[in-house]
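The primary structure of each chain is shown beneath.
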Amino acid sequence: MQDGLRVLFVEDEPLVRQATAQSLELAGFSVLALPSAEAAMPHLSPEFPGVLVTDVRLTGASGLDLLQHCRNAAPGVPVILVTGHGDITMAVQAMREGAYDFIEKPFGADRLTETVRRALERRALELENRALRRELAGPAAGTRIIGRSPAIEQVRMLVANVAATDVPVMINGETGTGKELVARSLHALSPRHHAPFVALNCGAVPEAIFESEMFGHEAGAFTGAGKRRVGKLEHASGGTLFLDEIESMPLALQVKLLRVLQEGTLERLGSNASIAIDVRIVAAAKGDMEALVAQGTFRQDLYYRLNVVTIPLPPLRERREDIVPLFEHFMLVAAVRYQRPAPILSELQRQALMQRAWPGNVRELRNAADRLVLGVPEGGARADALDDSTPLKERMEHYERAVIADTLARTGGAVSQAADLLQVGKATLYDKIKRYGL
Ligand SMILES: Nc1ncnc2c1ncn2[C@@H]1O[C@H](COP(=O)(O)OP(=O)(O)OP(=O)(O)O)[C@@H](O)[C@H]1O
Ligand SMILES: [Mg+2]
C-alpha cells in the first residue's frame, strides 16, 4: 500500500481516468488511478485508510464485483460508485448492498471531491474509533494524555522522562485538570505497572482512622480493630501510591509519613515489626502548596521530599487550544461506549466550546461531550425556554423530553434499561425518543 494514499480510483477509459485523477489531485488528495477492478483488489485491506471510487462498467470484473470484494476484504472502506446516466435503479441497489454513495455521469469535479471528502472524514473517524476500541481494551486503557498546548506537551514530556524512575512527583492543578490521569499514566508507563496503583484521598479519610488506613494495624491494636488490616502503603508495595489532596493531610500524620519515606520501612499499628516498603509516591494538590508551607499547615521537610519533580496542570481556560481536541476525543470515547455515532462538530460549535469558561475543567468538558453524543440538551430541562403563555401540552412535552434524556444519560443510552426505570413499554419509549430527536 502506498503511504499516504487516500483515493483508489478505478476507471477503464484512459482519458477519463487521467482527467478525473488529476482533478482529485488538484483538490489535494493523493490518488492511485487504476484501469481495472483486478488491479485495485490487492490494495484493499482492512487497514486501507482511504476510499474507493470506481466506475461501475469496467472490462473484466465490474464495479459492483469490486464493491462486493471490498465489503469482504476491506469492510469499512467507503465505496463510491460512478454510474452511467440512467442507472439509478442499479445505484440504489448498490447503496443497499453497502456502497457509500454514487455519482452519475457526467459529473462536475466539485461533486466528486465533495463526496470523497465526506467519505474520507467518515473513514478517518472509523479508524480512530477502531484504534480507540483497541486502546480501551488494552492495559494502558484511558491513560493517554490528550492536548496540543505547550503546557500539555510539557506534561507529556515530564511524564515520559520520570515514569521509569522512582522519584516522587507532585502534581498540581485545579479540580478536573487531570491530576489523577497523570498519576495513572506515570504508573502505566513505569516498570511498576504490573503492581497495584493505590489511591488514597487524604481529604476524605477521617483523621481518626487515617493512620490505620495508611499503615494498617494488627488485630486488637485498638478498640474496634477486629482483624489485621494491611494499610494502603503496604498494599501498594511494588507499585504506586497516589496521595490525592495531600494538602489536607493532618500535620500529625505528615510527621509519620515523612518518617516512613525516610526510612523505607513501616510498622503496622499495634506491632513493632518493621516492614520494608517499596512504593513510588505520587501526590496531588489543588492549592498553592508553598503558601501552606509558609503558613505552617504543611511541613516543609515533607513537602521537599514529595516535590522532587512538579508537574503543573494549568486550568483549561489557560490552554484553550486543548478544548476541541479533548472534546473530540471524549465524543469518540462516548460514541464507542454508548454505541452511538460520533457527531462532527461545526465551526460554530467549536467556537462556542472554546469560549466557555469551564470552571470544572476537563471533567466538565468530558460530561458535555457525553451529553452531546447522547443527545441530551445542555443544562437539562431548560425552563427558561417556556413562559406563561406556553400551552400545557407543550410544557408537558418539554418536561417529558428532559426526563427521558436524563434517564438515558443515566443508563448510558440503554433504551430497555431506561424503559424499565421509567416503567413504560420499550416501543413507547422508542417512539418518544424518535419524536423528541434524542
Ligand atoms: N489531558 C487529558 N487527556 C485526556 N483526558 C483527560 C485529560 N485531562 C483530564 N482528563 C479526563 O478528565 C477527567 C478528570 O480528570 P482527573 O480525574 O484526572 O482530574 P483531577 O485533577 O484528579 O480532578 P479532581 O481534582 O477533581 O480530583 C478524567 O476523566 C480524565 O481522564
Ligand atoms: Mg482527582
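Counting restarts for each chain, with residues numbered from 1 along the sequence as it is written. Ligands are numbered from 1 and chains lettered from A, in the order in which they are written. Local features in a predicted model are, by the rule used here, given only for residues with pLDDT of at least 70; side-chain atom pairs are given and counted only at 80 or more, and totals for whole chains, interfaces and linings are based on all residues. Side-chain numbers come from the whole structure's heavy atoms, not from hydrogens or water.

Points about the nonpolar core
Heads up, the condition is: Residues grouped as a nonpolar core are buried Ala, Val, Leu, Ile, Met, Phe, Trp, Tyr and Cys residues, joined through side-chain atoms within 4.5 Å. For every residue, the accessible area (1.4 Å probe, protein chains only) is compared with the maximum for its type, and the residue is labelled buried under 20%, exposed over 50%, or partly exposed between those bounds. To qualify as a helix, a DSSP run of H or I must reach at least 4 residues; to qualify as a strand, a run of E must reach at least 2; elements of each kind are numbered from the N terminus. Here a residue-residue contact requires only that any non-hydrogen atoms of the pair lie within 4.5 Å.
With 31 residues, the main nonpolar core has Met 214, Leu 233, Leu 243 and Ile 246 as its most contacted residues. Among the secondary structure elements, those contributing two or more residues to this core are β7 (197-201), α8 (207-215), β10 (240-244), α10 (251-263), β13 (280-285), α11 (289-295) and α12 (300-306). It is α10 that contributes the most residues to this core, five residues altogether. Excluding anything up to four places from it in sequence, Leu 243 contacts Leu 200, Cys 202, Met 214, Leu 257, Ile 281, Val 282, Ala 283 and Ala 284. The next biggest cluster of nonpolar side chains, apart from the first, holds 29 residues, and it includes Phe 330, Tyr 338, Leu 353 and Ile 433.

A word on the site of ligand 1
This is how it is decided: We call a residue near a given molecule or strand whenever any one of its heavy atoms falls within 4 Å of it. Residues adjacent in sequence count toward polar contacts only when both atoms are side-chain atoms; beyond that, a polar contact is any pair of N or O atoms within 3.5 Å, and within protein one must be able to donate a hydrogen and the other to accept it. All accessible areas in this document rest on Shrake-Rupley with a 1.4 Å probe, and a residue is counted as covered only by the protein chains that are shown. Whether a set of points on the 1 Å grid over the protein atoms alone is a cavity depends on a 1.4 Å probe fitting there but being unable to get out, while an open set qualifies as a pocket with protein on both sides within 12 Å along at least five of seven lines; lining residues are those with an atom within 4 Å of a point. Any molecule with more than half of its atoms within 2 Å of a cavity's or pocket's grid points is regarded as sitting in that cavity or pocket. Gly is put with the polar residues, along with every residue not named as nonpolar or charged; the nonpolar set is Ala, Val, Leu, Ile, Met, Phe, Trp, Tyr, Cys and Pro, and the charged set is Asp, Glu, Lys and Arg.
Surrounding ligand 1, one finds 17 residues, the nearest of these being Ile 146, Thr 175, Gly 176, Lys 179 and Arg 366. Contact distances for ligand 1 include 2.8 Å between a nitrogen atom and a backbone N or O atom of Ile 146. Calculation on ligand 1 without its partners gives an accessible area of 630 Å², and the protein chains cover 86% of this total. Assessed atom by atom at 2 Å from the grid points, ligand 1 resides in the largest pocket. Listing elements by their share of the shell around ligand 1, those giving two or more residues are α7 (179-188), α13 (323-338) and α15 (361-374). When its residues are assigned to classes, the shell around ligand 1 shows six nonpolar, four polar and seven charged.

Some remarks on the side chain of Thr 83
Considering the arrangement of structural elements, one finds Thr 83 in strand β4 (residues 79-83). If near-sequence neighbours (up to four positions away) are discounted, Thr 83 is found in contact with Val 56, Met 90, Ala 91, Phe 102, Ile 103, Glu 104 and Lys 105.

Regarding the domain arrangement of the protein
How we decide: Delimitation of the domains relies on an automatic or database domain assignment.
You can read the domains of the protein as domain 1 (7-137), domain 2 (150-314), domain 3 (320-374) and domain 4 (378-438). One C-alpha centre belongs to domain 1, the other to domain 4, and the line joining them spans 40 Å.

A look at the layout of surface pockets
Put simply, the rule reads: Grid points are joined across faces, edges and corners, and a volume is the space filled by probe spheres set on the points.
In this structure, the largest pocket occupies an estimated 700 Å³ of space. Among the elements of the structure, α5 (109-137), α7, α13 and α15 are those that each provide at least two residues to the lining of the largest pocket. Its volume calculated, the second largest pocket comes out at about 280 Å³. Residue lining of the second largest pocket: Glu 121, Ala 124, Leu 125, Glu 128, Glu 328, Met 331, Leu 332, Ala 342, Pro 343, Ile 344, Leu 345 and Arg 350, and that is the complete set. Elements that contribute at least two residues to the lining of the second largest pocket include exactly α5 and α13. Here the lining of the second largest pocket takes four residues from α5, the largest share from any one element. Partitioned by chemical class, the residues of the lining of the second largest pocket number eight nonpolar, no polar and four charged.

Quick look at helix α1 (residues 14-26)
Note the cut-off: Expected helix span is computed as 1.5 Å times (number of residues minus one). An arc is given here, and it is the one of the directions from the helix axis to the C-beta atoms.
With 13 residues, α1 ought to run about 18 Å at 1.5 Å a step, and its terminal C-alpha atoms sit 18 Å apart, in line with that. Listing the buried residues of α1 in full gives Arg 17, Thr 20, Ala 21, Ser 23 and Leu 24. Buried positions in α1, seen along its axis, are confined to an arc of 160° and lie on one side of it. In α1, the exposed residues that point more than 90 degrees away from the buried face are Leu 15, Gln 18 and Leu 26. The inward-facing, buried residues of α1 abut β1 (7-10), β2 (31-34) and α5.

Focus on the pairing of β4
For clarity, the cut-off: DSSP-based pairing: two strands are paired if at least 2 bridges between them are found. For a crossover, the right-handed case is the one in which the path from the first strand over the helix to the second runs clockwise, viewed with the strands pointing away from the viewer.
The element β4 is largely enclosed, with a buried count of five among its five residues. A two-sided burial pattern is seen for β4, the buried positions comprising Val 79, Leu 81 and Thr 83 on one face and Ile 80 and Val 82 on the other. Sheet analysis places strand β3 (residues 51-55) next to β4, joined by four bridges and oriented parallel. Among the inter-strand pairings, Leu 52 is bridged to a residue of β4, identified as Val 79. At this point the chain moves from β3, through helix α3 (residues 63-73), to the parallel β4, and the crossover so formed is right-handed. In this sheet, strand β5 (residues 101-104) lies alongside β4 in parallel orientation, the contact comprising four bridges. Pairing of Ile 80 across the sheet is with Asp 101, part of β5. The parallel pair β4 and β5, bridged by helix α4 (residues 88-96), forms a crossover whose chirality is right-handed.

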